[in-house]
Structures are given as C-alpha cells and as structure tokens.
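So you can see what is in the structure, the chains are spelled out below.
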Amino acid sequence: MPMSHSLSLRPASPLLAPSLLSADFSRLGEDLRMIESAGAQVVHVDVMDGRFVPNITIGLPVVESLRKATTLPLDCHLMIVEPLRYAAEFVKAGADWVSIHQEADPHLHRTLAAIRQAGGKAGVVLNPGTPVETLMDLVGDFDFVLLMSVNPGFGGQSFIPRVLDKVKRLDTLRTERGVPFFIQVDGGVGMKNAADLIRAGADCLVAGNAVFKAEEPKRAVAGLLEEMLKGRTA
Ligand code: DX5
Ligand code: ZN
C-alpha cells in the first residue's frame, strides 16, 4: 500500500523563507522589516564563494549585522567549497539554520555534527542532479534537507519540475524512517508551484524573485503563504 506523508513528522504550518539574494543590499534592514511584517517566518541567506558556484555574495560580517536587525531565524545556505571550515562560524555569527551542499563535502557527517554542536539546525543541500537516495545513511544526522530546483548560483532562474518527484521520494523516506526532518525547496519557487510543492511534502519554500521583484513585495509574501496553505488543506 502506498504510504501517504505523515503530517506528524512535519512543522505545524508551511514556512516561507524569502531569499535576500534578490533584495536591495543597500536596504536590507527595511526589507527584513517588510518580510517580517508580511508574515514570512524565516530569512534565507545565500552564501556563495565564487568557487563552488560562479557567484560571490554574502559573508560572515553581513550575517552578524542581519542578526542584530531581525528576530526571525536566519537560514544560511552555504554554496562554498570545504564547508567544514566555516559552518560553525556561521552559527556563531547568528545563523539558526546552516545548510551545506552534499556535492561540496566528502565528510558530511562531520560537518553536520559541527553545526549541531555549535547550536544550529543542520541541513544538507542537493543539487538538481543529486538523488535523494544518497541521504539514506545520514537520516537522523540532519534536521532538514534543501532540494535545489535550479542550478545554484543565481536568483531568477526557471523551476526544474522534476524536483517535485524528489520531494515525494524524500517524504516517503521520512515516513518510512519516522524521523522528523523538514524538507525545503529553493529556486524558481512562485505562485505557480508553491501549493504543489507543499502538497508533495515540502515544508519550507525559499523565494527570491517571487518576493523582491514583485510589484508589491509585501502582498507577494501574503499571496505565497496563502498558496502554500492550500497545499496543506486541499
Ligand atoms: C540560488 C539561490 C536561491 C535564489 C533563489 O542559487 O540558492 O536561494 O536566491 O532565487 P529565486 O527564487 O529567484 O529562484
Ligand atoms: Zn539558496
């Protein structure tokens, strides 16, 4: 009999994490207040090193400043080589969640433990071409999985629909093991796919352009949250 996903293993309500990558870096404080008052529950921070991905973005000093500017959880997505060198530093700088790419780290178990030991929630990120089954022997060692639905490096790319199937397979794995990790999706998320992603088993959606490049970003947050709830109720 096919197993349906178990709500008891998921956060009570779906979470929206606007990605600051698409915000105006000269007014991050205002943008934080805007997403906070609009009801977003998490702040997604894309850390890129110009090596694991072609782009260079935000580092530790910016995370320290963001920490002083919001009470929302800071979710640092590390797109860097050798994540063990910096992962715990991001927790010390104020990150609540830190995720590392499986493709960047041959010692995931060690790096995830370092994040948890520093007091953070530890996540593994999978690029579009990396199967969820590669996580089988790490279940229990991470708090969440981030599935990339674009190739990491830039905002504003098109959603890769095959990730929906990965979400479902990961949800099945969670149900079979009875371990309450949450599932996050990042890249090309918007009004067209938000409900479907939640329905498939995702718990937290990252959205950059769909929030900050919208005509009215505050309404965009509210609209996405509403759409996400449909995926839980319909
Ligand atoms: C891409 C980043 C994403 C990006 C998403 O490498 O990890 O977080 O900001 O942006 P959108 O939602 O515009 O695809
Ligand atoms: Zn990201």
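Heads up: these notes are all about the structure in this document. (Residues numbered from 1 in each chain as written. Chains lettered and ligands numbered in written order. Predicted model: local features only at pLDDT ≥ 70, side-chain atom pairs only at ≥ 80, totals over all residues. Heavy atoms only, no water.)

1. Notes on the packing of aromatic side chains
And then number 1: Under the definition given, this model contains 4 aromatic pairs.
And then number 2: Ring centres 5.4 Å apart and planes at 50° place the aromatic pair Trp97 and Phe144 in the tilted group. Taken together, the residues span a long stretch of sequence, with Trp97 in strand 4 (residues 97-101) and Phe144 in strand 6 (residues 144-148) at a distance of 47 residues.
And then number 3: Judged by centre distance (5.1 Å) and plane angle (70°), the ring pair of Phe142 and Phe181 falls under edge-to-face. With Phe142 in the loop between strand 5 (121-126) and strand 6 and Phe181 in the loop between helix 5 (163-177) and strand 7 (182-186), this pair connects stretches of sequence that are 39 residues apart. The pair formed by Phe142 and Phe181 is uniform in burial state, with each residue classed as buried.
And then number 4: Grouping aromatic residues by their ring pairs yields a cluster made of Trp97, Phe144 and Phe182.
And then number 5: One cation-aromatic arrangement involves Arg174 over Phe181; the distance from NZ or CZ to the ring centre is 5.8 Å. (Phe/Tyr/Trp six-rings, centres within 6.5 Å; stacked < 30°, edge-to-face > 60°. Helix = DSSP H or I, 4+ residues; strand = E, 2+ residues; numbered from the N terminus. Buried < 20%, exposed > 50% of the residue type's maximum accessible area, 1.4 Å probe, protein only. Lys NZ or Arg CZ within 6 Å of the ring centre and 35° of its normal.)

2. Describing the sheet that holds strand 3 (residues 74-79)
And then number 1: Strand order in the open sheet made by the 8 strands is 1-8-7-6-5-4-3-2, with parallel pairing throughout. Edge positions in the open sheet fall to strand 1 (15-18) and strand 2 (43-48), since each of these has one partner strand only. Adjacent strand axes in the sheet meet at a mean angle of 25° when their direction is disregarded.
And then number 2: Two strands pair when backbone bridges link them, and strand 6 and strand 7 are joined in this way by 5 bridges, in the parallel orientation. In the sheet register, Val145 faces strand 7, and the bridge partner there is Ile183.
And then number 3: The strands touched by helix 4 (residues 108-118) are strand 4 and strand 5; relative to strand 5, the strand with the most contacts, the crossing angle is about 145°.
And then number 4: Contacting strand 5, strand 6 and strand 7, helix 5 runs over the sheet at an angle of about 170° to strand 7. (Pairing = 2+ DSSP bridges. Axes fitted to C-alpha atoms, helices over the stretch in contact; angles between N-to-C directions. Contact = heavy atoms within 4.5 Å.)

3. Side note on the coordination of the zinc ion (ligand 2)
And then number 1: Each protein donor to the zinc ion (ligand 2) is listed here as His44 (NE2), Asp46 (OD), His77 (ND1) and Asp186 (OD); together their distances run 2.1 to 2.3 Å.
And then number 2: Each of the 6 donor atoms bound to the zinc ion (ligand 2) contributes to angles spanning 71 to 168°, and the resulting shape is octahedral.
And then number 3: Take Asp186: its relative accessible area is 9%, and that puts it in the buried class. (Donors = N, O, S within 2.8 Å, 3.2 Å for Na, K, Ca; no water. Tetrahedral: all angles 85-135°; square planar, octahedral: opposite > 155°, others 65-115°.)

4. Re helix 1 (residues 28-38)
In an α-helix, one full turn covers 3.6 residues, which means residues spaced three or four apart are oriented alike.
And then number 1: Looking at helix 1, one finds that the buried residues are Leu28, Asp31, Leu32, Met34, Ile35 and Ala38. The buried side chains of helix 1 occupy one side of the element, clustering within an arc of 160° when seen end-on. In helix 1, the exposed residues that point more than 90 degrees away from the buried face are Arg33 and Ser37.
And then number 2: Summarising the contacts, the buried residues of helix 1 are in contact with strand 1, strand 2, helix 2 (60-69), helix 7 (209-212) and helix 8 (217-233).
And then number 3: Gly39 sits one or two positions beyond helix 1 and adopts a positive phi of about 110°. (Arc of directions from axis to C-beta.)

5. Section: the site of ligand 1
And then number 1: Around ligand 1, the structure places 20 residues, and the nearest of them are Asp46, Gly153, Asp186, Gly188 and Gly208.
And then number 2: A distance of 2.7 Å separates an oxygen atom of ligand 1 from a polar atom in the backbone of Gly153.
And then number 3: Interatomic distance of 2.8 Å between a backbone N/O atom of Gly188 and an oxygen atom of ligand 1.
And then number 4: Out of a free accessible area of 380 Å², ligand 1 has 99% covered by protein chains.
And then number 5: Going through the elements one at a time, strand 2, strand 3 and strand 8 (204-207) are the ones with two or more residues in the shell around ligand 1.
And then number 6: Of the residues forming the shell around ligand 1, the biggest block, 3 residues, is contributed by strand 2.
And then number 7: Residues belonging to the shell around ligand 1 are distributed by class as follows: 8 nonpolar, 10 polar and 2 charged. (Near = heavy atom within 4 Å. Polar contact = N/O pair within 3.5 Å; in protein donor to acceptor, adjacent residues only side chain to side chain. Areas by Shrake-Rupley, 256 points an atom, 1.4 Å probe, with all protein chains shown as cover. Nonpolar A, V, L, I, M, F, W, Y, C, P; charged D, E, K, R; others polar.)

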